[in-house]
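One-letter residues, chain by chain:
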Amino acid sequence: MKQMEEMILREGQVLSDDILKVGSFLNQNIDTDLLYATGNEIARLYEGCEITKILTIEASGIAIAAAAGMAMGVPVLFAKKHRTSNVDGNTYTASVHSFTHNEDYNVIVSRDYLHSDDKVLLVDDFLANGHALRGLIALCDQAGAEVTGVAIAIEKCFAGAGDKLRAEGVRIESLAAIESMSREKIVFRS
């Protein structure tokens, strides 16, 4: 998606060879025009796939998932990283390692919200090492739900997880796919 790539080039900050800061438009401070376009593009990419639910992981993926959900007219569910008092013990659980926080989480989704008849689109802001996606896939597997595909705002192709998941048969659509990056230059996959 050209608009996402242009925003990365204009406002993204490469902090190291594997860390791209996009807080000024995608994570913490959200550019609503870009968010709206992102939701519509995800809806276009998965048009006709009979998606019944979008699943993401808290927190940065929620806005993107909600935009896609509104564009597609389907509910959005997010996996929580911490059990809260309003979530009973009847949950699906998967272990996920966060690249950003260098921490392991047991993400949870209530069994009330994810079912075997769901056709799920997984949505997240970044795809780097693939741990979050694998955790979301595991939650869907536990529920017997079908993972129809994945939509990612920014894929770090150089990390290799996206290509590995594609080789395993997972459909992944990335709005911006970064082949390589340094403080001097960002190269997108064509």
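One can find the structure itself at the top, above this paragraph.
It should be emphasised that the depicted structure is a prediction, and the values quoted were computed from it without experimental measurement. (Residues numbered from 1 in each chain as written. Predicted model: local features only at pLDDT ≥ 70, side-chain atom pairs only at ≥ 80, totals over all residues. Heavy atoms only, no water.)

Participant: Tell me what's going on with the side chain of E5, and back it up with residues and numbers.
Facilitator: Mapping E5 onto the fold places it in helix α1 (residues 2-11). With residues up to four places along the chain from it excluded, the contact list for E5 reads A176 and F188. (Helix = DSSP H or I, 4+ residues; strand = E, 2+ residues; numbered from the N terminus. Contact = heavy atoms within 4.5 Å.)

Participant: Provide a residue-level description of the layout of surface pockets, including the pertinent values.
Facilitator: The calculated volume of the largest pocket comes to roughly 740 Å³. Contributing to the lining of the largest pocket are 31 residues, with S60, S98, T100, D125 and F126 lying nearest its centre. Elements that contribute at least two residues to the lining of the largest pocket include exactly β2 (19-21), β5 (91-98), β7 (119-127) and α4 (131-143). Here the element with the most residues in the lining of the largest pocket is β7; it accounts for four residues. The class makeup of the residues in the lining of the largest pocket is 13 nonpolar, eleven polar and seven charged. (1 Å grid on protein atoms, 1.4 Å probe; cavity = no way out; pocket = protein on both sides within 12 Å on 5 of 7 lines; lining within 4 Å. Points joined across faces, edges and corners; volume = space filled by probe spheres on them. Nonpolar A, V, L, I, M, F, W, Y, C, P; charged D, E, K, R; others polar.)

Participant: Would you mind going over a nonpolar patch on the surface in detail, with residue names and values included?
Facilitator: Nonpolar side chains collect at one region of the surface, where L15, I19 and F99 lie side by side and expose about 240 Å² of accessible area between them. Here L15 is to be found in strand β1 (residues 13-16). A relative accessible area of 40% means that L15 is categorised as partly exposed. (Patch = residues over 30% accessible without salt bridge, like charges linked within 9 Å, V, L, I, M, F, W, Y side chains within 5 Å. Areas by Shrake-Rupley, 256 points an atom, 1.4 Å probe, with all protein chains shown as cover. Salt bridge = Lys/Arg side-chain N within 4 Å of Asp/Glu carboxyl O. Buried < 20%, exposed > 50% of the residue type's maximum accessible area, 1.4 Å probe, protein only.)

Participant: So what about α4? Which residues, and what values?
Facilitator: The first and last C-alpha atoms of α4 sit 19 Å apart over 13 residues, in line with the 18 Å expected at 1.5 Å per residue. Residue G144 follows α4 closely and has a positive phi angle near 80 degrees. (Expected span 1.5 Å × (residues − 1).)

Participant: Mind laying out the nonpolar core, listing which residues take part and the relevant values?
Facilitator: Counting 33 residues, the largest nonpolar core has M4, I8, L20, I42 and I154 as its most contacted members. Setting aside anything within four residues of it in sequence, one finds L20 in contact with I8, G12, Q13, V14, F126, I154, K156, I178, M181 and I186. Membership of the second largest hydrophobic core comes to 27 residues, among which are L55, L77, L114 and A145. (Core = buried A, V, L, I, M, F, W, Y, C linked by side-chain atoms within 4.5 Å.)

That's the geometry; what it means functionally is another story.
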